[in-house]
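Report on the structure
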Amino acid sequence: MSSDILKNDIRPDDELSLQIGERDGIRDKLKRMCRQNPLAAVSAIVILIFILMAIFAPIIAPYGETEPDLLNRLQDPSLTHLLGTDELGRDLFSRMLYGSRLSITIGILPSLISLIIGVIAGLVAGYFGGWIDYVIMRIADVMLSVPSLLLAMVVMYTLGTSTINLFVALTMTGWSSVARVVRSHTLSIKESEYVEAARSIGVSKWKIMFRHIFPNCIPSLIVLFTLNVPSAILSESSLSFLGIGIKVPFASWGLIVNQGRQFLFTQPWLCLAPCVAIMIIVLAFNFLGDGLRDVLDPYMQR
Amino acid sequence: MKYFLKRVIGTIPVLLGVVLLIFIMLRIIPGSPVLVMLGEHYDQETIERLTELMGLDQPLLVQFFDYVKGALMGDLGVSYRYQRPVADMIMDALPYTVKLAVMAALFAWVMGLVSGIIAAVNNNNFIDRLFMGVSLLGVSMPIFMTSLVLQYIFSFKLGILPMTEDGSMVSMILPAIALGWNSAGSVARMTRSSLIEVMQADYIDTAKAKGLLRGAVIMKHALRNSLLPVVTMMALQLSSMLSGAVITESVFAIPGIGRLATEAISNRDMPVLQGTVLFTTVIVIAGNLLADMLYSVLDPRIRKGE
Amino acid sequence: MDDRNILEIRGLRSYFFTEKGTVPAVDGVDIDVPKGSIVGLVGESGCGKSMTVRSIMGLVKYPGRVVEGSMCFDGRELSGLRENELRKICGDDISMIFQEPMTSLNPVMKVGKQVREALMIHDRSISRAEADKKVMEIFEKVGIPEPEKRLECYPHQLSGGLRQRVMIAMAMICRPKLLIADEPTTALDVTIEAQILRLMKELRDETGMSVLLITHNLGVVAEICDYVYVMYAGRIVEQAETFELFDHTAHPYTRGLLDSIPRIGGSAERLHTIPGVVPNLLHLPKGCAFCNRCGYAEEACHKAGGELMEIRPGHKVRCIKPLETEVKA
């Protein structure tokens, strides 16, 4: 019959939800995600492995991060050098392990900071409304209008290329989308009966915002965070690829690609191996984010 | 029309905000740009003369309004490095970026829409998973990786397409695919999820109850409704596409606007960087307006202005 | 099949297959719709009435599925049909009106075109101008003022009542033999509700079609139905002609529904409600599905549910201890 059209991503029928009449807790939802979407679970494991490898890089890495070995330059992958060596004879695998520390940190930390800023901005804008809302949201519009890579380039131009400045650049571009989501949640929850009730018994504004409205945003925020991390990783690697991100001798994946680029046609693995690493972790975060969205937040628009 | 006019006016504060942001950010750098210009050999008198000439002795606010005034008349300042008007440099670079972006956008939208629809109607079977897997791969590949891989395969190994830009349309194919690949993935994912959601709507039941066959239900009723969010997303893609153009132009040596920006950074050429960032932002904002207009054509509920 | 019936449903089972288990939303339902009559299907939200009619139209949504049963329409078995064959009947001989006029019309298509479409699917030879003329006629018939202007309207420009009239026009334009109306008035104001019900009755009288009306409101049933089925937890619990049902209510559930209709001039007592809610179909009680909410339940009720039994001519009830009393005034 026709009913088998489009089985996925559906809201359960009203009738059905009435009949089952039970709501899942967050743990049930995560369990369901693992069952429905094993790729998301695998992705979570992949991310964990990457993080562990980054933390224990000094133990795992067979060679030091910046240990030149001019006798063994541009070696092909072998048992002694898993992914070969670069033009200074540095072991690519070890460099990538160390590089993952910066790449992953830069994926997670700025996303976390922009999450915090975005939540506060969104709550304040949505709750207070009026000119405060107007000003905050126009600032967010400004940030969203400038192509993110170019905005980051301006920041790097002004503040100079350093890891901290890279954090600033990525935070500046990341908070506005969070703010928009939180604001729209706030607007809808603000009018609900229980917020009205809380207000009528004199609960303070800030308490309403953080105790009553904020918890409702958490599922969306988890999803948003999971999807912001990979875009931060991509931004960092793009900047470093252009030579305006991380400074040598610190390695990040993007920088290793940048340095290996000149050998694309002779030793392609030098730039493609870190590319693949970036792709895998970004893919994993995207898979996880998709899986989380399906179970936590089926109504969220992309 | 009134709605559209309102939207146009609504962008003015955002535009001013962008100018202000870029302007301030590029001017809080320690050290005078005059020093950058002069390089190693300078004397105090020259510095003072140049500072005055460039209006850098004026208060920041005056400088800002002078800049906005100039920008409105098409004057974006003069490059420190090349001593050319920035506006001229941008106009020289623009055709390359436009060519690149248009080809990339065409590739992205056609590929994205078609594969999104194919995936949605094959909901959850092998074809759906295949298409969505490839799309997610598209979204997850850094643009420089796509560029390098395409270059390696098609230029180096197969030798069928030029390595770098040489003025011909053919040489734009690889950069356009590299740039569009990413957006194609997002468009496909959005189209799919939107179409699937729309297929759950009540009016789809109505259409089926009327006796429409499945293909007609999708083509006549579902598609147009499901395109609404996709259009918005396509406009948002413009921004990330221009970010991506910076990278593809660098990899394929295309003398476009993105290239101008990267060079401006290595040359510490502030007016050029400022000009290119402003220019691309204006394009993004204009793109969003255009999407709004298209949206209102597709959705009568907005057309009437409520 | 009895050829006095336009529709005969026998042993229909439609289940939702969820991760938590199988939900028997429709669990063995028999319904007859005689030609030219209006049959009501009554029950609370979630009792499976919508699922029943969706099964007829092939509109059951995933994860639901028709498991078994026969649906015989005008001498044709519907349950085994391929989708494309079913669609030829849908909209032409059987048409359907949905509960939510707000969301049941395509927001980006003019209503005239939506109605015209229904006509042109089933009559490919008709020209656009002819079709438009017919649409205008039917608009007039269902009481849409200024039909030529409304043709060019988008759904959001019409009120809820007008939209439901458009839905009715769309359903009526092919002169169906059976109209299925799934809570057509629930989303509307009371005054509009009366108008819509009257319209449906008039159309029935005029064209001789049959109507299967889904509602949770026994007041609506009393107004226009000839025959009533009462559904509870996926099953028919009582069926009778309308007057018979109101006069000799036999199932405690039907009684509960009747008592909860507010009446003008009724005693000042508190309005009756049925305690509790529709049971979770995943964990149905062992005996009668209603026993936990039933004021008359005895021990036996918790052990085994009854079968549908005829207690008077044409009056069946699924209760081992049917009420025999007259309705108190």
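Residues numbered from 1 in each chain as written. Chains lettered and ligands numbered in written order. Predicted model: local features only at pLDDT ≥ 70, side-chain atom pairs only at ≥ 80, totals over all residues.

**Brief notes about the overall build of chain B**
Assigned secondary structure in chain B consists of 13 helices and zero strands. Referenced to the eigenvectors of the C-alpha coordinate spread, the extents of chain B come out at roughly 85 × 55 × 30 Å. Counting every position in chain B, which comprises 306 residues, the buried fraction comes to 46%. For chain B, long-range pairs separated by at least 24 residues make up 73% of all intrachain contacts whose partners lie at least 6 apart in sequence. (Helix = DSSP H or I, 4+ residues; strand = E, 2+ residues; numbered from the N terminus. Buried ≥ 20, exposed ≤ 12 C-beta atoms within 10 Å, placed from the backbone. Contact = placed C-beta atoms within 7 Å.)

**A few points about the overall build of chain A**
Within chain A, the secondary structure is distributed over twelve helices and zero strands. For chain A, the α and β elements follow one another from N to C terminus as α-α-α-α-α-α-α-α-α-α-α-α. Taking all 302 residues of chain A together, 49% fall into the buried category.

**Examining the interface of chain C and chain B**
Contact residues are listed per partner, giving 26 residues for chain C and 19 residues for chain B. Listed by contribution, the elements that provide at least two residues to the side of chain C that touches chain B are helix 2 (83-89), strand 6 (94-97) and helix 3 (111-122) of chain C. Looking at the side of chain C that touches chain B residue by residue, the class counts come to twelve nonpolar, eight polar and six charged. (Nonpolar A, V, L, I, M, F, W, Y, C, P; charged D, E, K, R; others polar.)

**Brief notes about unusual backbone geometry**
Positive phi is not limited to glycine here, since Arg268(B) has a value of about 50°. The residue Arg268(B) is located in the loop between helix 11 (257-266) and helix 12 (270-298) in this model. Look at Arg268(B) and you get partly exposed, because 16 C-beta atoms sit within 10 Å. Backbone geometry at Arg175(C) places phi at a positive 50°, although glycine is not the residue there. Structurally, Arg175(C) can be placed in the loop between helix 6 (160-172) and strand 7 (178-182).

**Quick notes on the interface of chain A and chain B**
Tallying the contact residues gives 45 residues for chain A and 49 residues for chain B. Counting residues per element, the side of chain A that touches chain B draws most heavily on helix 12 (residues 269-296) of chain A, which supplies nine residues. Of the residues contributing to the side of chain A that touches chain B, the split by class is 30 nonpolar, nine polar and six charged.

**Some details on the confidence of the model for chain B**
Residues of chain B with pLDDT of at least 70 account for 92%, and the chain-wide mean is 84. Taking the mean pLDDT of every element in chain B, the minimum, 63, falls on helix 2 (residues 33-38) of chain B and the maximum, 91, on helix 5 (residues 86-121) of chain B. (pLDDT = per-residue confidence, 0-100.)

**A few points about the environment of Met145(B)**
Within the fold, Met145(B) resides in helix 7 (residues 143-157). Judged by local crowding, Met145(B) falls into the buried class, with 24 C-beta atoms found within 10 Å. For the pair Met145(B) and Val68(B), spaced 77 residues apart in sequence, the C-alpha to C-alpha distance is 38 Å. Residues contacting Met145(B), with those up to four places away along its chain left out, are Cys275(A) and Met279(A).

**Comments concerning the sheet that holds strand 1 (residues 5-18) of chain C**
Residue and element names in this part refer to chain C. One open sheet accounts for four strands, arranged 2-1-4-5; its pairing is antiparallel. With partners counted over all chains shown, the strands left at the sheet margins are strand 2 (21-34) and strand 5 (76-77), one partner each. Examined bridge by bridge, strand 4 (residues 64-73) and strand 5 share two bridges and lie antiparallel to one another. Within the sheet, the bridge partner assigned to Phe73 lies in strand 5 and is Arg76. Packing of helix 1 (residues 49-57) onto the sheet brings it into contact with strand 1, strand 2 and strand 4, and relative to strand 2 it is tilted by some 75°. (Pairing = 2+ DSSP bridges. Axes fitted to C-alpha atoms, helices over the stretch in contact; angles between N-to-C directions.)

**Structural notes on the packing of helix 5 (residues 92-128) of chain A against helix 8 (residues 163-190) of chain A**
All names here are of chain A. Here helix 5 crosses helix 8 at 35°, and the two axes come no closer than 5 Å. As helix 5 packs across helix 8, the resulting crossing turns out to be right-handed. Looking at the contact of helix 5 with helix 8, its residues break down into 21 nonpolar, ten polar and three charged. (Left-handed = near helix turned anticlockwise from the far one by under 90°.)

**Some words on the domain arrangement of chain B**
Residues and elements named next belong to chain B. What the domain assignment reports for chain B is domain 1 (2-67) and domain 2 (92-298). When each unit is reduced to the centre of its C-alpha atoms, the spacing between domain 1 and domain 2 is 33 Å. Take the side of domain 1 that touches domain 2: its biggest share by element is eleven residues, from helix 1 (residues 2-27). Here the residues of the side of domain 1 that touches domain 2 sort into eleven nonpolar, one polar and one charged. (Domains from an automatic or database assignment.)

**Considerations on helix 6 of chain C**
Taking 1.5 Å as the rise per residue, helix 6 of chain C with 13 residues should run 18 Å; its terminal C-alpha atoms sit 18 Å apart, in good agreement. Within the sequence span of helix 6 of chain C, burial applies to Gly161(C), Leu162(C), Arg163(C), Gln164(C), Arg165(C), Val166(C), Met167(C), Ile168(C), Ala169(C), Met170(C), Ala171(C) and Met172(C). Turning to helix 6 of chain C, the residues buried within the fold contact helix 9 (202-210) of chain B together with strand 6, helix 3, helix 4 (128-141), strand 7 and helix 7 (190-207) of chain C. (Expected span 1.5 Å × (residues − 1).)

**A look at the nonpolar core**
Counting residues in hydrophobic clusters, the biggest one holds 262 residues, and the most contacted among them are Val39(C), Ala169(C), Ile173(C), Leu178(C), Ile180(C) and Leu212(C). Counting only domains with at least three residues in this core, you end up with domain 1 (2-67) and domain 2 (92-298) of chain B. The contacts of Ile173(C), once residues within four sequence positions are left out, are Val115(C), Ala118(C), Leu119(C), Lys134(C), Val135(C) and Ile138(C). (Core = buried A, V, L, I, M, F, W, Y, C linked by C-beta atoms within 7 Å.)

**Topic: the sheet that holds strand 6 of chain C**
Residues and elements named next belong to chain C. Pairing is mixed across the open sheet formed by eight strands, whose spatial order is 6-7-8-3-9-10-12-11. Strands at the two margins of the open sheet, each flanked by one partner only, are strand 6 and strand 11 (308-312). The average undirected angle you get between the axes of adjacent strands in this sheet is 20°. Where strand 6 meets strand 7, four bridges bridge the pair, whose relative direction is parallel. Paired with Met96 across the two strands is Ile180, which belongs to strand 7.

**Here we look at the pairing of strand 1 of chain C**
All names here are of chain C. The pairing of strand 1 with strand 2 spans ten bridges and is classified as antiparallel. For Asn5, the partnering residue across the bridge sits in strand 2 and is Pro34. A loop of two residues connects strand 1 with strand 2, the two strands running antiparallel in sequence. Bridging between strand 1 and strand 4 involves eight bridges; their strand directions are antiparallel. Residue pairing for strand 4: Tyr15 is matched across the bridge by Arg65.

**Some thoughts on helix 11 (residues 253-260) of chain A**
Of all eight residues in helix 11 of chain A, eight are buried, a share of seventy percent or more. Among all positions in helix 11 of chain A, only Trp253(A), Gly254(A), Leu255(A), Ile256(A), Val257(A), Asn258(A), Gln259(A) and Gly260(A) are buried.

**Section: the packing of helix 3 of chain C against helix 4 of chain C**
All names here are of chain C. Running from N to C, helix 3 and helix 4 point in directions that differ by 115°, and their axes come no closer than 9 Å. As the angle between them shows, helix 3 and helix 4 are arranged roughly perpendicular. The two elements helix 3 and helix 4 cross, and the hand of that crossing is right-handed. Between helix 3 and helix 4, the contacting residues are Gly112, Val115, Arg116, Leu119 and Met120 on the first element and Ala131, Asp132, Lys134 and Val135 on the second. In terms of residue class, the contact of helix 3 with helix 4 is built from five nonpolar, one polar and three charged. (Parallel < 35°, antiparallel > 145°, perpendicular 65-115°, else oblique.)

**Concerning the environment of Arg189(B)**
Residue and element names in this part refer to chain B. Here Arg189 lies in helix 8 (residues 173-198). The exposure class assigned to Arg189 is buried, which follows from the 24 C-beta atoms found within 10 Å. In sequence terms Arg189 and Ala119 are 70 residues apart; their C-alpha atoms lie 8.9 Å from each other. In contact with Arg189, not counting residues within four places along its chain, are Met132 and Ser135.

**A short note on the confidence of the model for chain A**
Residues and elements named next belong to chain A. Residues with a pLDDT of 70 or more make up 84% of chain A, whose mean pLDDT is 79. Per-element mean pLDDT across chain A ranges from 47 in helix 1 (residues 14-20) up to 90 in helix 6 (residues 130-145). Note on residues 18-22: pLDDT is under 50 here. Beyond four places in sequence and across chains, it has 14 contacts.

**Brief notes about the environment of Arg318(C)**
Residue and element names in this part refer to chain C. Its location among the elements puts Arg318 in strand 12 (residues 315-318). As for Arg318 and Gln239, which are separated by 79 residues in sequence, their C-alpha atoms are 9.1 Å apart. Setting aside anything within four residues of it in sequence, one finds Arg318 in contact with Arg235, Ile236, Val237, Glu238, Gly306, Glu307 and Leu308.

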